[in-house]
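# Observations on the model geometry
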Amino acid sequence: MGDPVQLKDEGNKYFQAGDIDKAIECYTKAIKDCKDKKVLAVIHRNRSACYLKKENYASAATDATKAIDVDASDIKALYRRCQALEKLGKLDMAFKDVQRCATIEPKNKTFLETLRKLGAEIQGKLKTSFSTDSRVQNMFDILFDDEMDTDKREKAANNLIVLSREDAGAERIFQNNGVQLLLKMIETGKPEMILAAVRTLSGMCTGHKARAMAIVHLIGVEKLCSIMAVDNEEIALATCNLFQCVNDCLTGGDKREYGKEEALVLDSAKLLKTILMSLLEMVASSKVSGHGRDQALNLLSKNVPRGDKKDPDHSRSLFTIDNGLKKILKVCGQVPDLPDQLPLTENTQLIASILLSKLYDDLKCDPERTNFKDICDDYVKAKIDPNDMDKTIHAINVISGLLQGPFDVGNALVGRQGIMEMMVALCGSDREVDQMVAVEALIHSSSKMSRAGFIITNGVSLLKDIYKKTKNEKIKIRSLVGLCKLGSAGGDDYAMRQFAEGSTEKLAKQCRKWLCNPQIDTKTRKWAIEGLAYLTNDADVKDDFVEDELALKAMFDLAKSKDKTILYSVAATLVNCTNCYDKKEILPELVQLAKFSKQHVPEQHPKDKKDFVVQRVKRLLKGGVISALSVMVKADSSILTDQTKEMMARVFMALSEDPKDRGTIVAQGGGKALIPLALEGTDVGKVRACHAIARIAAITNPEIAFPGERVYEVVRPLVTLLSTDKEGVQNFDALRGLTNLAGFSEKLRVKIVKEKALPEIENYMFEENDLIRQAATECMCNLVTCKEVQDRYLEDGNDKLKLLVLLCGEDDDKLQVAAAGALAMLTAAQKKLCNKLTLVTSQWLEILQRLCLHTNPFIQHRGIVTIYNMLNSDDADLAKKLIESELLEILTVVGKAANNPKRQGPINAARECLIKAMDLGLIKPFAAS
């Protein structure tokens, strides 16, 4: 064994002579034999210097660290590690080391210069690393690095998506070969990579016509369709969203303004036609997955028929009918239980039916409608073949699809010679699939009683016969649903019941039994809800159903499932149970007249009275109806029709009737669910949803009821209720909701002003109805801290301030509190208003004196604060006028009163007024004798 110290000294000599390899050899031997920590630290420090010379920076840093571990203030080791780290590119760590060196030797020029140099390098590196180009490249590098851990790749993917949603970021991705790199991500075949790429492309296409067109041309419509065609629901939905972004860009559906690219003249008609043709090809292609087919149909449903019937151009619908109607009918006719069928989801055929309905409704004249019917008629005729039962049931299923869509077209086909006979024959077939298709067609043909005379006449006996004879549960349930539909023809009219007393309850009991049976497949169980949707017109059935906790839970669980064909039936059942359908008001005089002339008079079931409805609402809330509705609202599909949305909005209105229940609605996500219902759907549905939002917003913490940015989306629905064509209760609840929001944050106040609510709120302050006038004034009281509102009061030529002063003189305490509060805040914020207040009405002084003498401490406090603001307005004449009036005596009496917790506010305010008057020299300090 060698002497470590001797070996160290030998190493030093070799180092000084420039023989670095020999020096390292000596130091390495010394390290092996050395037991003294301090000597060992020196040897490591010396070998670190050798490694620096050899440009082996990693080893140099390691040796220096071992020396520093022994002595943290070893300045030579610190500086050597700094040099090594700098060369390794770890500038921030190098900077820390030299910073410690400079702290130990603050006058060392080498350390100071290195400190300055590293600082500049770090700034430059930060600037580069934060530049968009670098970030984009960095994200792609991470995504394509298979050795990178999953969390980092997920973060990079999310960052790329977020960046693409900013116009500058989207442009940088595009300019930096981003489309090709995104295509490369898609080609990996990994679902998470495809999703990230498609979502990034959506961000890049949003709102930028030129870029959207360039991206679609680079990728190709066929390629995009092939991505949407994959059997992955998330990818299909994301690609559908991408197509929608492109469509909105090219058609002007996206109204946002993005940069100067709008000046470019781009003809998008050819590209839109290519996309439309490609989607129609997808509809009937066997290579497309069920999820892809759903999204292709959804895109057609959303973008082909006119959104506004005033738009004269319906050429897209005519083109789709000529080139794609047979393809859509083919989808409707698929029988999943047979071999060689198109891939479908539970929702596909209903989505296709809804598309057919929208296309038919978009037609303008009889020749166009006749053409539609003729294409359907020819298609069905071609498929009916007595020798090929599979083709025949395909034709019957097409009729079912039409009956669920454009009912008149389907109903006309049912009436064709031989069709009904074929359906009856299928009902008697030995094959389960034949019976199911036929019975379902019978059920759908009985949907609209007024236009289904044949079924009403002949259907009951046929369905009863099937129900009694069949041993197949699937057929039994379906035939029972047909009976339920026919049995509910009288609606909620107690006197128009189709079946004998107690029959509907028996049918409903059987439906509930099937609904709760987990052994029966979901597709069949949903028919039980279909039956209940009709049977719950009967109040006895409603009451029994809501008391059956298991049945309620089963229905709500199905409502949350992937099968969205159930949405309408669930919504209809809930509308019936809560009695929130429109009821015709019948005048007593007309009832007497009808009885006299022996006409039928509708009767209300005893269990449809308010007390029973309230109890049903409570049971539904307890059963979890809100969570089910919240999931139903999120259905991203054309199955969630405007009619279904309206029914859901009606249900929310019924559920929010009792203020005590609104907390439950919020806790289960009802606040969030109402926002989309308020923005889209029928006019009636939107108003109902807006009103339910107003009820919730009026009495709950907005931050909890509408979390995150959603709270700002609530303002517009509330403002839409501030209209003379809306009911007074809707105006009142909207004002209360806005009052609560306005009291929450300045950002919300600004949003209310931006939504142009101020003129409407001001108009309601003139309202004759006391409650509405009070609500409007309270809302204004919360808004006056907003600068723009104050500016309106400062403007000349209006009576806004006069109205506020006069409202302070009203006899209603709550109205006075609000008006006086607004006046106090306005005069505190704008000194000019203090003088203007004296000019708007000759009664101003009398009104202020009455406020200051008020027995209600809240009103008195606001009045005295207004006086203080006027004294503090820098208007000497106004201050003098106030003190020379009876106000001085009032303030003196109030100010000299003994401290009283219940009235301390006005007492303190009066004392402040007196002190201010003394400061102004208007009164002298009280001197003791």
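Cut-offs applied
- Residues numbered from 1 in each chain as written.
- Predicted model: local features only at pLDDT ≥ 70, side-chain atom pairs only at ≥ 80, totals over all residues.
- Heavy atoms only, no water.
- Salt bridge = Lys/Arg side-chain N within 4 Å of Asp/Glu carboxyl O.
- Helix = DSSP H or I, 4+ residues; strand = E, 2+ residues; numbered from the N terminus.
- Buried < 20%, exposed > 50% of the residue type's maximum accessible area, 1.4 Å probe, protein only.
- Patch = residues over 30% accessible without salt bridge, like charges linked within 9 Å, V, L, I, M, F, W, Y side chains within 5 Å.
- Areas by Shrake-Rupley, 256 points an atom, 1.4 Å probe, with all protein chains shown as cover.
- Lys, Arg positive; Asp, Glu negative; His and termini not counted.
- Charge placed at Lys NZ, Arg CZ, Asp CG, Glu CD.
- Disulfide = S-S within 2.5 Å.
- Phe/Tyr/Trp six-rings, centres within 6.5 Å; stacked < 30°, edge-to-face > 60°.
- Lys NZ or Arg CZ within 6 Å of the ring centre and 35° of its normal.
- Axes fitted to C-alpha atoms, helices over the stretch in contact; angles between N-to-C directions.
- Parallel < 35°, antiparallel > 145°, perpendicular 65-115°, else oblique.
- Left-handed = near helix turned anticlockwise from the far one by under 90°.
- Contact = heavy atoms within 4.5 Å.
- pLDDT = per-residue confidence, 0-100.
- Expected span 1.5 Å × (residues − 1).
- Core = buried A, V, L, I, M, F, W, Y, C linked by side-chain atoms within 4.5 Å.
- Nonpolar A, V, L, I, M, F, W, Y, C, P; charged D, E, K, R; others polar.

### Notes on the pattern of salt bridges
With the rule as written, the count across this model stands at 47 salt bridges. Across the pair Asp390 and Arg431 runs a salt bridge, and its minimum N-O distance is 2.9 Å. In this pair, Asp390 is assigned in helix α21 (residues 389–404) and Arg431 in the loop between α23 (419–427) and α24 (432–445), connecting sequence segments 41 residues apart. We classify Arg431 as partly exposed; its relative accessible area is 33%. Taken together, the shared-partner salt bridges connect Asp167, Glu171 and Arg211 into one network.

### Focus on a negative patch on the surface
Taken together, the side chains of Asp149, Asp151, Glu154 and Glu192 define an acidic patch exposed on the protein surface. Checked against the element boundaries, Asp151 lands in helix α9 (residues 150–164).

### Describing the state of the cysteines
In the structure shown here, the tally under the stated rule is 0 disulfides. Its sulfur unpaired, Cys34 is 14 Å from the next cysteine sulfur, which belongs to Cys26. With relative accessibility at 9%, the residue Cys34 sits in the buried group. Looking at Cys781, it has no disulfide partner, and the nearest cysteine sulfur is the one in Cys779, 9.7 Å off.

### Some words on the packing of aromatic side chains
Scanning the entire structure with this criterion turns up 2 aromatic pairs. With 5.3 Å between their ring centres and 50° between their planes, Tyr79 and Phe111 make a pair best called tilted. Note that Tyr79 is positioned in helix α5 (residues 75–87) and Phe111 in helix α7 (residues 109–130), a separation of 32 residues in sequence. The pair formed by Tyr79 and Phe111 is uniform in burial state, with each residue classed as buried. Over the aromatic face of Tyr467 sits the side chain of Lys476, whose NZ or CZ is 4.6 Å from the ring centroid.

### Here's the deal with the packing of helix α29 (residues 539–547) against helix α33 (residues 610–623)
Taken N-terminus to C-terminus, the directions of α29 and α33 make an angle of 30°; their axes are 9 Å apart at the nearest point. Classified by the interaxial angle, the pair formed by α29 and α33 is roughly parallel. The two elements α29 and α33 cross, and the hand of that crossing is left-handed. Across from Ala539, Lys542, Asp543, Val546 and Glu547 in α29, the residues of α33 making contact are Phe612, Arg616, Arg619 and Leu620.

### Describing the environment of Ala296
Structurally, the position occupied by Ala296 is in helix α17 (residues 290–303). Separated by 16 residues in the primary sequence, Ala296 and Leu280 have C-alpha atoms spaced 7.6 Å apart. Excluding its chain neighbours within four sequence positions, the residues that come into contact with Ala296 are Met228, Leu279 and Met282.

### Examining the confidence of the model for the chain
Looking at the chain as a whole, the pLDDT averages 86, with 91% of positions reaching at least 70. Residue range residues 255–265 is modelled with pLDDT below 50. Its contacts to residues more than four positions away, or to other chains, number 11 contacts. Segment residues 490–501 is flagged for pLDDT under 50; beyond a separation of four residues in sequence, or across chains, it makes 29 contacts in the model.

### Here's the deal with helix α13 (residues 209–219)
An α-helical segment advances 3.6 residues per turn. Residues three or four places apart therefore align on the same side. Among the 11 residues of α13, 8 are classified as buried, and the element is accordingly described as predominantly covered. Taken together, the buried positions of α13 are Lys209, Ala210, Arg211, Ala212, Met213, Ile215, Val216 and Ile219. Phi turns positive one or two residues past the end of α13, at Gly220, with a value near 95°.

### Notes on helix α54 (residues 904–919)
In a regular helix each residue adds 1.5 Å, so 16 residues correspond to 22 Å; α54 covers 22 Å between its end C-alpha atoms and thus fits that length. Inspection of α54 places Gln904, Pro906, Ile907, Ala909, Ala910, Cys913, Leu914, Lys916 and Ala917 among the buried residues, and these make up the whole buried set. Turning to α54, the residues buried within the fold contact α51 (857–871), α52 (876–883) and α53 (887–896). Downstream of α54 by a residue or two, Gly921 has a phi angle that is positive, lying close to 80°.

### Observations concerning unusual backbone geometry
If a residue is not glycine, its phi is most likely negative; likewise, a peptide bond is most likely trans. The phi torsion at Asn177 lies on the positive side, around 60°, for a residue other than glycine. Turning to its location among the elements, Asn177 is positioned in the loop between α10 (167–175) and α11 (178–187). Since its relative accessible area comes to 45%, Asn177 is described here as partly exposed. Of note in this structure, Lys756 is not a glycine but carries a positive phi near 60°. Structurally, Lys756 is set in the loop between α43 (746–754) and α44 (758–764). Taking relative accessible area as the criterion, Lys756 reaches 67% and is therefore assigned exposed.

### Considerations on the nonpolar core
If you look at the biggest cluster of nonpolar residues, it comprises 261 residues, and the most contacted ones within it are Phe372, Leu515, Ile761 and Tyr793. Those residues in contact with Leu515, other than ones at most four positions away along the chain, are Arg525, Ala528, Ile529, Leu532, Phe545, Ala551, Ala554, Met555 and Leu558. One finds Ala67, Ala77, Leu91 and Ile122 within the second-largest nonpolar core, a separate group that totals 18 residues.

### Brief notes about the packing of helix α18 (residues 315–332) against helix α19 (residues 348–361)
Relative orientation of the contacting elements α18 and α19 amounts to 150°, with a least axis distance of 10 Å. Here α18 lies roughly antiparallel to α19, going by the angle between them. Regarding α18 and α19, the two cross each other, and that crossing is left-handed. Touching Ser317, Thr320, Ile321, Leu325, Ile328, Leu329, Val331 and Cys332 of α18 are Thr348, Gln349, Ala352, Ser353, Leu355, Leu356 and Leu359, all from α19. Grouping the constituent residues of the contact of α18 with α19 by class yields 10 nonpolar, 5 polar and no charged.

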